[in-house]
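Survey of secondary and tertiary structure
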Amino acid sequence: MTQETTEQPSDFIRDIVASDLASNKHETIVTRFPPEPNGYLHIGHAKAFCLSFGIAQENPGARCHLRFDDTNPEKEEARFASAIQEDVRWMGFDWGEHLYHASDCFEQLYAWAEYLIQEGKAYVDEQSGDEIRAGRGRLNADGVTEPGLDSPFRDRPSDESLDLFRKMRAGDFDDGKMVLRARIDMAAANLNLRDPVLYRILRATHPRTGDDWCIYPMYDFTHGQCDAIEGITHSLCSLEFENHRPLYEWFIENLPVPSQPRQIEFARLNLTHTVMSKRKLTRLVAEGLVSGWSDPRMPTLSGMRRRGYPASAIREFCQRIGISKAASTVDFALLEHCVRDELNRVAPRRMGVLDPIKVVIATLPEDHEESFEAPVLPGDPESGVRQIAFGREVWIDRDDFMLDPPKKFFRLGPGREVKLRHAYCITCDEVIQDSDGKVIELRCSHDLETRACLPTDRKVKGFLHWVSARHGNPTEIRILDHLFAAEDPEADGDFMDAVNPDSIKVIHAVVEPNTVDLPAETVVQFERLGYFCIDRFDSTADAPVLNQTIGLKSGWKPKPSNQPKKAKKSKKA
RNA sequence: UACCCGAUGGUGUAAUCGGCAACACAAGUGGUUUUGGUCCACUCAUUCCAGGUUCAAGUCCUGGUCGGGUAGCCA
């Protein structure tokens with residue numbers, strides 16, 4: 001189907017995997033993708049899971065687990081978990097029976113917590129959050145590292161901690177009253193090692209375990225152990241967990257875990273014209289700047305899907321950007337290139353007119369009816385042909401006509417001749433304007449000799465798309481642009497203020513009849529315009545709705561005066 | 001500030017053991033073309049700085065500079 005890059009990708013993580021295989025450190029590779037179900041997946045997550053699932057696909061016998069990191073019931077919801085699964089599947093990955101939840105391990109984690117207490121490696125601390133934070137230590141005015149301050153409860157006998165911990169679980173204490181802390185090293189240079197919190201008291205109903213627990217393990221006490229339980233060999237995550245690795249390893253070394261996973265970090269994806277954190281995307285949704293997580297302008301996978309970005313294009317993009325540890329920002333244009341590249345190969349061609357002007361071909365009889373044949377995919381005979389209805393009146397796009405065109409304008413103007421794609425050459429004989437001077441109709445004559453061919457005695461440079469006025473279907477189309485016009489939405493402060501007010505514009509277009517009955521999510525190319533996707537949520541048989549996926553590249557841009565838009569660096573259809 | 005990490009064209013990644021800096025995107029130019037699309041060709045770098053080792057350094061060593069991450073009872 002698609003022609004994704006065929007050669008195996010290579011990067012420093014795949015090199016590690018390959019060498020671990022070569023040295024027989026592991027005989028099979030197991031990776032995992034561990035989203036927290038507190039929002040929708042975005043293209044940054046796609047980079048991460050294309051890596052972990054990709055490595056699993058590239059290595060015989062390897063597998064990749066999907067695991068929900070559901071240790072904070074205050075933020076997590078079941079609806080997010082199902083949306084995440086749908087998105088990962090849509091992207092073409094399959095975890096088979098290996099669907100896990102951190103919450104599946106709660107009992108085991110609890111047992112390991114008691115184990116640490118008994119080993120003298122954990123204690124119940126009754127300090128407040130503020131006291132713990134203060135005691136963790138920072139640095140003094142001279143910039144000299146200040147060791148942390150031992151909690152007054154640090155040397156509490158393990159019997160006492162064990163008793164208190166059991167009471168914590170039993171619900172004997174209020175939320176926040178005490179925590180379980182690891183007893184590691186209050187003077188460690190890495191603050192994560194200064195007696196990190198393992199468990200907190202939290203009365204919240206968990207999407208899966210309900211009210212079974214009123215204490216929940218922290219991420220650090222959960223992730224690596226779940227990796228070990230599942231037999232993960234390579235636990236790939238983003239750079240902000242780098243400082244947590246010593247702690248990850250401390251738990252693996254100090255607990256009787258069944259395997260020894262290794263954490264490897266890589267840089268997360270940044271994209272121009274985009275904000276990427278779930279926190280920020282949540283704000284856009286909550287404050288109503290977009291219609292929801294699946295708004296076609298969102299960098300979420302479900303938003304991109306709705307906009308018509310093919311999963312294969314996103315996969316290709318994730319492969320092309322590579323994996324490294326350097327902070328970087330990828331040009332959105334690379335993603336767009338991958339989308340166009342795929343769609344150019346597979347999107348059936350149609351014609352559509354976004355801003356119609358009526359063309360009356362006066363040399364044709366009133367009731368003229370004719371049909372032309374055109375390829376579904378030019379250059380691919382396998383794709384077949386489509387029939388295009390034609391009559392005396394057709395629509396063309398307003399952009400394709402100028403009253404006083406410059407020489408480089410290869411389109412229609414008074415007295416000029418153009419080719420209606422797949423049909424006849426026409427010449428504009430008369431322009432009809434309303435009282436405001438707005439062009440409302442063009443009277444043209446056609447050349448019968450140019451039916452689906454070009455004249456031999458003269459050069460016709462303009463080729464226009466069109467739709468028969470009698471046959472075309474009126475259609476709502478959403479013209480979309482970057483949600484943020486600026487390359488860096490945070491360059492001038494709060495990204496919320498940088499939202500592009502023109503990022504969505506609803507227009508009423510007319511499209512080739514055999515377009516709107518295509519299945520939802522089909523992406524078509526409107527010739528000379530770009531790609532458009534049948535909205536999978538809002539489209540009905542009576543009222544089709546299309547989302548503009550992406551415009552075609554254009555070598556010629558109309559004068560800015562034609563487009564009442566501030567000419568920014570961003571590309572327009 | 002402390003700890004950790006990073007630095008190669010405009011952007012993102014490559015470069016066996018130290019051996020002619022490669023690919024893609026973007027931009028620009030030209031060609032092809034019944035989509036101003038696609039396709040094809042060409043143009044676009046003193047590898048952050050300063051020293052050092054070496055016949056030879058993007059790669060190794062020392063010292064800087066700049067950038068990012070972290071400093072939740074979030075993940």
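Just so you know, these numbers come straight off a predicted model, no measurement behind them.

Observations regarding the nonpolar core
Core analysis: the largest hydrophobic core is formed by 52 residues, its most contacted members being Ile43, Phe49, Met91 and Ile314. Top contributing element to this core by residue count: helix 2 (residues 43-58), with nine residues. Two domains share this core, each providing at least three of its residues, namely domain 1 (26-266) and domain 2 (278-348 + 475-550). Those residues within four positions of phenylalanine 49 in sequence are excluded, and the remaining contacts are Phe33, Leu41, Gly54, Val88, Met91, Phe93 and Leu301.

Description of the protein's contact with RNA strand B
Around RNA strand B lies a shell of 63 residues, among which Arg349, Arg421, Cys453, Gln525 and Arg528 are the nearest. Between RNA strand B and the protein, one listed contact pairs a phosphate oxygen with a side-chain N or O atom of histidine 337 at 3.4 Å. Taken together, the residues that form the surface near RNA strand B break down as 25 nonpolar, 18 polar and 20 charged.

Side note on unusual backbone geometry
Here asparagine 24, not a glycine, exhibits a phi torsion of approximately 65°, which is positive. The residue asparagine 24 is located in the loop between helix 1 (12-22) and strand 1 (30-33) in this model. In the Ramachandran plot, histidine 422 falls in the positive-phi region, its phi being about 70° despite a non-glycine side chain. Turning to its location among the elements, histidine 422 is positioned in the loop between strand 16 (417-420) and strand 17 (425-433). Taking relative accessible area as the criterion, histidine 422 reaches 15% and is therefore assigned buried.

Considerations on the sheet that holds strand 2 (residues 63-68)
Adjacent strands of a sheet form backbone hydrogen bonds with each other and so pair up, either parallel or antiparallel. Taken in spatial order, the three strands of this open sheet run 1-2-3, and their pairing is parallel. Looking along the sheet, the strands with just one partner apiece sit at the ends: strand 1 and strand 3 (99-101). Neighbour to neighbour, the strand axes of the sheet diverge by 35° on average, direction disregarded. For strand 2 and strand 3, the ladder comprises three bridges, and the chain directions are parallel. Note that in strand 3 the partner of arginine 67 across the bridge is tyrosine 100. Strand contacts of helix 3 (residues 78-90): strand 1, strand 2 and strand 3, with the helix running at about 160° to strand 2, the strand carrying the most contacts. The strands touched by helix 7 (residues 219-230) within the sheet are strand 1, strand 2 and strand 3, with strand 2 carrying the most contacts at an inclination of about 140°.

Here's the deal with the packing of aromatic side chains
Tallied over the full model, the rule gives 23 aromatic pairs. Between the aromatic rings of phenylalanine 390 and tyrosine 424, the centroid separation amounts to 5.7 Å while the plane-to-plane angle is 50°, which identifies the pairing as tilted. Linking phenylalanine 390 in strand 14 (residues 385-391) with tyrosine 424 in the loop between strand 16 and strand 17, this pair joins segments that are 34 residues apart in sequence. In terms of burial, phenylalanine 390 and tyrosine 424 fall into one category: buried. Positioned over the ring face of tyrosine 110 is arginine 169, at 4.5 Å from the centre of the ring.

Considering the environment of leucine 354
With respect to the helices and strands, the residue leucine 354 is situated in the loop between strand 11 (352-353) and strand 12 (356-361). For leucine 354 and glutamate 253, which are 101 residues apart along the polypeptide, the C-alpha to C-alpha distance reads 64 Å. Residues contacting leucine 354, with those up to four places away along its chain left out, are Asp397, Ile477, Ile479, Ile507, His508, Ala509, Leu529 and Phe532.

Digging into the domain arrangement of chain A
Looking at chain A, the domain boundaries give domain 1 (26-266), domain 2 (278-348 + 475-550) and domain 3 (352-465). Spacing between the C-alpha centres of domain 1 and domain 3 amounts to 64 Å.

So, the layout of surface pockets
By volume, the second largest pocket amounts to about 1,100 Å³. In terms of lining residues, the second largest pocket is bounded by 38 residues, among which Pro34, Glu36, His45, Phe241 and Lys278 are the most central. Counting residues per element, the ones that place at least two in the lining of the second largest pocket are strand 1, helix 2, helix 3, helix 7, strand 8 (234-238) and helix 9 (278-286). Residues that form the lining of the second largest pocket fall into these classes: 15 nonpolar, eleven polar and twelve charged. The two domains that each donate at least three residues to the lining of the second largest pocket are domain 1 (26-266) and domain 2 (278-348 + 475-550).

About the cut-offs
- Residue numbering note: each chain is counted from 1, following its sequence as written.
- Working convention: letters from A go to chains and numbers from 1 go to ligands, in the order in which they are written.
- Given that this is a predicted model, residues contribute local features only at a pLDDT of at least 70 and side-chain atom pairs are listed and counted only at 80 or more, while totals for whole chains, interfaces and linings are drawn from all residues.
- Here the side-chain values reflect all heavy atoms present in the structure, with hydrogen atoms and water set aside.
- Here the nonpolar core consists of buried residues drawn from Ala, Val, Leu, Ile, Met, Phe, Trp, Tyr and Cys, with membership extended through side-chain atoms lying within 4.5 Å.
- Remark: exposure states derive from per-residue accessible area (1.4 Å probe, protein chains only) relative to the maximum for the residue type, with buried under 20%, exposed over 50%, and partly exposed in between.
- A run of H or I in DSSP counts as a helix once it spans at least four residues, and a run of E counts as a strand once it spans at least two, with each numbered from the N terminus.
- Residue ranges assigned to the domains are those given by an automatic or database domain assignment.
- In this description, contact between two residues means that some pair of their heavy atoms is separated by no more than 4.5 Å.
- Note on definitions. A residue lies near a molecule or strand when any single heavy atom of the residue is within 4 Å of it.
- Residues adjacent in sequence count toward polar contacts only when both atoms are side-chain atoms; beyond that, a polar contact is any pair of N or O atoms within 3.5 Å, and within protein one must be able to donate a hydrogen and the other to accept it.
- Following the grouping adopted for this structure description, the nonpolar residues are Ala, Val, Leu, Ile, Met, Phe, Trp, Tyr, Cys and Pro, the charged ones are Asp, Glu, Lys and Arg, and the polar ones are all others, Gly among them.
- Criterion used throughout: strands pair if DSSP finds at least two bridges between them.
- The convention used is that axes are lines fitted to C-alpha atoms, helices contributing only their stretch in contact, and that angles between N-to-C directions extend from 0 to 180 degrees.
- For Phe, Tyr and Trp, rings pair up if their centres lie within 6.5 Å, where Trp contributes its six-membered ring, and each pair is then called stacked (planes under 30 degrees apart), edge-to-face (over 60) or tilted (otherwise).
- Charge-over-ring placement is defined geometrically: NZ (Lys) or CZ (Arg) within 6 Å of the ring centre, and within 35 degrees of the ring normal.
- Using a grid of 1 Å spacing that covers the protein atoms alone, one calls a set of points a cavity when a 1.4 Å probe fits there but cannot get out, and a pocket when the set is open and has protein on both sides within 12 Å along at least five of seven lines; lining residues are those with an atom within 4 Å of a point.
- Grid points are joined across faces, edges and corners, and a volume is the space filled by probe spheres set on the points.

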